[in-house]
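Summary of structural features
The primary structure of each chain is shown beneath.
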Amino acid sequence: MAAEGTVTTTKRTVAVLTSGGDAPGMNAAIRAVVRAGAARGFEMIGVLHGFTGLIAGELRALGPRDVGGIIDRGGTVLGTTRCVELKTESGQQRAVQQLRRHGIDALVVIGGDGSQSGAHALQAHGVAVIGVASTIDNDLRGTDISIGATTAAEIAVEAIDRLRVTAASHQRGFLVEVMGRHCGYLAMLAGIAGGAEAIVVPEMEMSPEAVATELRTARTRGKSHAIVVVAEGARHNADMLEQYFKARQRADDYELRVTRLGHVQRGGKPCLFDRLLATRLGIAAIDCIAAGQYGQLLGIVGNEVIGTPLADVAGSPRGADTRLLETAMMLAR
Ligand code: F6P
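Residues numbered from 1 in each chain as written. Predicted model: local features only at pLDDT ≥ 70, side-chain atom pairs only at ≥ 80, totals over all residues. Heavy atoms only, no water.

Comments concerning the site of the ligand
Around the ligand sit Arg82, Ile136, Asp137, Met179, Gly180, Arg181, Glu232, His263 and Arg266, and those are all the residues in its vicinity. Separating an oxygen atom of the ligand from a side-chain N or O atom of Arg82 is a distance of 2.8 Å. One nitrogen or oxygen atom from the side chain of Asp137 is found 2.6 Å from an oxygen atom belonging to the ligand. Surface burial for the ligand is 75%, taken as the share of its 400 Å² of free accessible area covered by protein chains. Class assignment of the residues belonging to the shell around the ligand gives a composition of 2 nonpolar, 2 polar and 5 charged. Shared between two domains, the shell around the ligand holds at least three residues of each, these being domain 1 (13-148 + 270-313) and domain 2 (150-265). (Near = heavy atom within 4 Å. Polar contact = N/O pair within 3.5 Å; in protein donor to acceptor, adjacent residues only side chain to side chain. Areas by Shrake-Rupley, 256 points an atom, 1.4 Å probe, with all protein chains shown as cover. Nonpolar A, V, L, I, M, F, W, Y, C, P; charged D, E, K, R; others polar. Domains from an automatic or database assignment.)

Written out as structure tokens, the structure is:
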């Protein structure tokens, strides 16, 4: 296995896996990695079912034709898991043994924060590893935007557009819960772009009382309906807000409904942006391997592909930048 920082021009065997929550654009990234690697004469290997499959030795050779017809497909053709075993020393050693047994020189890990923590753990065992930023949550340091987040935000805003139609018809209020784990990025984008009356995110919490006040003043301002977008990671999440409103519903309040978008946001075709981002990061992963530059997470900062040491990103997810939210909420008035 190549050591970190080694520059090599010899033929290489490179494995790629997807890990954690699937994100639209992962397939475009797999395609880019496999074809860019093949173009350099590398032998390319796909690991099935993330780190779980790596530990179990589920590896398959991949040629350019094996990744045809997937650039427009959501999910991941390699499969993915949340691998608890990789958090243990024995799991990490078994993963390293499999890489050695199959003659893998370098590993590309496409995934979010948990996956990059796994990549970082393997790096500590001497594995030549490169991370590719991919999570709908967009909570990874080292990238402005991760593969899948834009598609997921599009899906959420489309759902909000649809809910607004029925909300307006019935003169109702809707609480819409959006994914994102502890990060409010998706909720914030979907809420602003969907014209929500209130947006509740972990980075800028709103109390149930404040949400109720916002809805009541929307009504007195003549709004026939209202949408509140709530990040799943907010302290006052959709469950709590629902309970609050059930207990304190007033005759002059909107009749309220709750919709949890859930995993719907992870499915579907990757949008153009995610396909291009995945393509750029996938090619860059192979460029890094060719140059012997390992131990980095590849992301995009100011439209440039940037590598950040895994040590600086793994295990420290970031929250959303709420500057736009602060100013955009006046537009809901
Ligand atoms: O990390 C992506 C994500 O979709 C989060 O937004 C969400 O909290 C979580 O995964 C759901 O995980 P699972 O698919 O394991 O239920």
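More follows now that the structure is in view.
Digging into the pairing of strand 8 (residues 226-231)
Within strand 8, 6 of the 6 residues are buried, leaving the element largely enclosed by the surrounding structure. Side-chain alternation along strand 8 places Ala226, Val228 and Val230 on one buried face and Ile227, Val229 and Ala231 on a second face that is also buried. As judged from the 6 bridges shared by strand 6 (residues 172-178) and strand 8, these two strands associate in the parallel manner. Bridged to Glu177 within strand 8 is Val230. Direction of pairing for strand 7 (residues 198-200) relative to strand 8: parallel, over a ladder of 3 bridges. Residue Ile199 lies in a different strand from strand 8, and its bridge partner there is Val229. The parallel pair strand 7 and strand 8, bridged by helix 7 (residues 208-220), forms a crossover whose chirality is right-handed. (Buried < 20%, exposed > 50% of the residue type's maximum accessible area, 1.4 Å probe, protein only. Helix = DSSP H or I, 4+ residues; strand = E, 2+ residues; numbered from the N terminus. Pairing = 2+ DSSP bridges. Right-handed = clockwise from strand over helix to strand, strands pointing away.)

Examining the domain arrangement of the chain
As assigned here, the chain comprises domain 1 (13-148 + 270-313) and domain 2 (150-265). Distance from the C-alpha centre of domain 1 to the C-alpha centre of domain 2: 35 Å. Taken residue by residue, the interface counts 12 residues in domain 1 and 9 residues in domain 2. When domain 1 packs against domain 2, close to 920 Å² is buried across both sides, 56% of that on carbon and sulfur atoms. (Contact = heavy atoms within 4.5 Å. Buried area = accessible area lost by both parts, 1.4 Å probe.)

Some remarks on the nonpolar core
Judged by nonpolar contacts, the single largest core of 67 residues is most densely connected at Val108, Ile227 and Ile289. Here this core gets 9 residues from one element, more than from any other, and that element is helix 9 (residues 272-291). No fewer than three residues from each of domain 1 (13-148 + 270-313) and domain 2 (150-265) sit in this core. Once residues lying within four places of it in the same chain are set aside, the contact partners of Ile289 are Arg12, Val14, Phe42, Ala106, Val108, Ile130 and Tyr294. Ranked by size, the runner-up nonpolar core spans 25 residues in total, among them Leu17, Ile45, Leu107 and Val109. (Core = buried A, V, L, I, M, F, W, Y, C linked by side-chain atoms within 4.5 Å.)

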